[in-house]
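Each chain, written out:
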Amino acid sequence: MNLDQSPLLVFYETTRACPLACRHCRAEAMPDPLPGQLTTDQSKLFFEDLLRFGQRPPILILTGGDPLMRADIFELCAYASSIGITVALSPSVTPSLTTANVRRLKDVGVSSMSISLDGANAPTHENIRGVPGHFAQTVDAVLMLVDEGITVQINTTVMEINADELDTVAALIKELKAAIWEVFFLIGVGRGKGLSALDAAGNEDVCHFLYDASRYGFTVRTVEAPFFRRVASERRRGRPAPCGPLYRRLSHGLRERLGEPREAPRAGTAGTRDGKGIVFVSHAGDIYPAGFLPVSAGKVPTDSIVDVYRDHAVFASLRGGDFGGRCGRCDYREMCGGSRARAFSVAGDPLAEDPGCIYVPLVEDVVGAG
Ligand code: SF4
């Protein structure tokens, strides 16, 4: 697929309303919708425009806030499905996520959903989510979705306060029969500014651990850690895993819980990054390269998302690969290119080096030697 012409995934923040108030929430969600939220008709116009991307329009992921806080969510899913767009949903675990509502969503074409799980036990998960009893509710929600035949993706945001538990989270994902584990590497936007991300060495250890975890029957993908693809590529070519303390603890825990891995790695490797294969539309219609990179390049439905994605200077530069620092010299620039959102949140420049990556490009030695 030519990612200069069409994204793989379009994220639509249907609303900022959500009954939860998670400590890392990018959207800084609140109980009521913000003024300016796109109407039903405006949302439909935006969906229709997606068809201009070509014969296989991108997958539309309806997120929030909590998309189930929108009274028209079933109508929106039905409309997108009716015009040939594949729809996935990212609901919050709240009393609205009932079996009846899941069946209604299935009836209007939703076959996959993502659920957030940020710890391996109630104290960690509920410390982050802020709701007593939410860990058990989340586990029950995943079991119900799997039972209803929904393809379930578990989203986990990794940060200092939960990194030590990732091996137990991986074992839980296997036990719950989730198909995909998507691990978000914390970016300091929204309420996430108040939490501590891992440093680059910690990120490297987690990426190697995730490669190991992907050998237990579920797919592993990352968000804002495209250097996971560099790690996966190195491991496929036989590079040994590192000996960092976090990696040692997590990989030992994984084997203790799940035994020796027996399956081929399922480490997501599509060469996407913020603005390349991915585009995000806010509740008010702003078109961003990613949810964690709030640089507006236009507004739907006034602007065409197709034109903005293909031609706007912000998107073109993010895809161009003309990055600063190590990312600009890196032999993995095409495959990875670094988290543009992290570069923006740390340096104020989406084209700067990704400080979350430990890699020193080979070519740097040549430049230094010259
Ligand atoms: S230096 Fe940049 S482009 Fe290279 S692997 Fe790290 S994040 Fe990716």
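Residues numbered from 1 in each chain as written. Predicted model: local features only at pLDDT ≥ 70, side-chain atom pairs only at ≥ 80, totals over all residues.

Overview of the overall build of the protein chain
Here is step 1: Per the secondary structure count, the protein chain includes 14 helices and ten strands.
Here is step 2: Relative to the 2.2 N^0.38 estimate, which gives 21 Å for 370 residues, the radius of gyration of the protein chain is 20 Å and therefore close to what a compact globule would have.
Here is step 3: In terms of its C-alpha atoms, the protein chain occupies a principal-axis envelope of roughly 60 × 45 × 35 Å.
Here is step 4: For the protein chain, the proportion of its 370 residues judged to be buried stands at 48%.
Here is step 5: When contacts within the protein chain are restricted to residue pairs at least 6 apart in sequence, long-range pairs at least 24 apart make up 74% of them. (Helix = DSSP H or I, 4+ residues; strand = E, 2+ residues; numbered from the N terminus. Rg over C-alpha atoms; globule rule 2.2 N^0.38 Å. Buried ≥ 20, exposed ≤ 12 C-beta atoms within 10 Å, placed from the backbone. Contact = placed C-beta atoms within 7 Å.)

Overview of the packing of helix α6 (residues 166–176) against helix α9 (residues 245–258)
Here is step 1: Between α6 and α9, the least distance of the axes is 8 Å, while the angle of their chain directions is 30°. The angle between α6 and α9 falls in the class roughly parallel. The hand of the α6/α9 crossing is right-handed. For the pair α6 and α9, the contacting residues are Leu166, Asp167, Thr168, Ala170, Ala171 and Lys174 in the first and Leu250, Gly253, Leu254, Arg257 and Leu258 in the second. (Axes fitted to C-alpha atoms, helices over the stretch in contact; angles between N-to-C directions. Parallel < 35°, antiparallel > 145°, perpendicular 65-115°, else oblique. Left-handed = near helix turned anticlockwise from the far one by under 90°.)

Quick look at the site of the ligand
Here is step 1: The full set close to the ligand counts 14 residues, and Cys327, Cys330, Cys336, Gly338 and Cys357 are the nearest of them.
Here is step 2: For the shell around the ligand, the secondary-structure elements that each account for two or more residues are α8 (227–236) and α12 (325–329).
Here is step 3: The residue inventory of the shell around the ligand, partitioned by class, reads eight nonpolar, two polar and four charged. (Near = placed C-beta within 6 Å. Nonpolar A, V, L, I, M, F, W, Y, C, P; charged D, E, K, R; others polar.)

Some points on the nonpolar core
Here is step 1: One finds Leu60, Val87, Leu210 and Ile305 to be the most contacted residues of the largest nonpolar core, which totals 100 residues.
Here is step 2: It is helix α7 (residues 200–213) that contributes the most residues to this core, six residues altogether.
Here is step 3: Each of domain 1 (9–258) and domain 2 (324–370) gives at least three residues to this core.
Here is step 4: Ignoring sequence-local partners within four residues, the contact set of leucine 60 consists of Val10, Tyr12, Phe47, Leu50, Ala80, Ile85, Thr86 and Val87. (Core = buried A, V, L, I, M, F, W, Y, C linked by C-beta atoms within 7 Å. Domains from an automatic or database assignment.)

Focus: the pairing of strand β6 (residues 180–185)
A regular strand places its side chains on the two faces of the sheet in alternate fashion.
Here is step 1: Taken together, the six bridges between strand β5 (residues 151–158) and β6 define a ladder with parallel strand orientation. Among the inter-strand pairings, threonine 157 is bridged to a residue of β6, identified as phenylalanine 184.
Here is step 2: Crossover β5 to β6 through α6 is right-handed.
Here is step 3: Where β6 and strand β7 (residues 219–223) come together, five bridges link them in parallel fashion. Within β7, the residue paired with phenylalanine 184 across the bridge is valine 223.
Here is step 4: In this fold, the crossover linking β6 to β7 by way of α7 has right-handed handedness. (Pairing = 2+ DSSP bridges. Right-handed = clockwise from strand over helix to strand, strands pointing away.)

Considering the confidence of the model for the protein chain
Here is step 1: On average, the protein chain scores 92 in pLDDT, and the residues at 70 or more come to 97%.
Here is step 2: In this model residues 364–370 is a low-confidence stretch, pLDDT under 50, and it forms three contacts with partners more than four residues away in sequence or in other chains. (pLDDT = per-residue confidence, 0-100.)

Side note on unusual backbone geometry
Here is step 1: Residue glycine 65 is bonded to the preceding glycine 64 through a cis peptide linkage, with omega at 15°.
Here is step 2: Relative to the helices and strands, glycine 65 is located in the loop between β2 (59–63) and α2 (73–82).
Here is step 3: Residue proline 301 follows valine 300 across a cis peptide bond; omega there is 0°.
Here is step 4: Within the secondary structure layout, proline 301 lies in the loop between β10 (287–288) and α10 (305–311).
Here is step 5: Of note, the phi angle at lysine 177 is positive, near 65°, even though the residue is not glycine.
Here is step 6: As for its position among the elements, lysine 177 is in the loop between α6 and β6.
Here is step 7: C-beta crowding within 10 Å serves as the criterion here: with 14 such atoms nearby, lysine 177 is assigned to the partly exposed category.
Here is step 8: Of note, glutamate 224 is a non-glycine position whose phi angle comes to about 60°, a positive value.

Brief notes about the domain arrangement of the protein chain
Here is step 1: For the protein chain, the assigned domains read domain 1 (9–258) and domain 2 (324–370).
Here is step 2: Just the C-alpha atoms count here: the centres of domain 1 and domain 2 sit 26 Å apart.
Here is step 3: Residue-level contacts link 15 residues of domain 1 with 14 residues of domain 2.
Here is step 4: Residue assignment for the side of domain 1 that touches domain 2 shows that the elements contributing at least two residues are α7 and α8.

Overview of the pairing of strand β4 (residues 110–116)
Here is step 1: Burial analysis of β4 places five of its seven residues in the buried class, which makes it a mostly covered element.
Here is step 2: Examined bridge by bridge, strand β3 (residues 87–89) and β4 share two bridges and lie parallel to one another. Residue pairing across strands places valine 87 opposite valine 110, the latter belonging to β4.
Here is step 3: With helix α3 (residues 99–107) bridging β3 and its parallel neighbour β4, the resulting β-α-β unit is right-handed.

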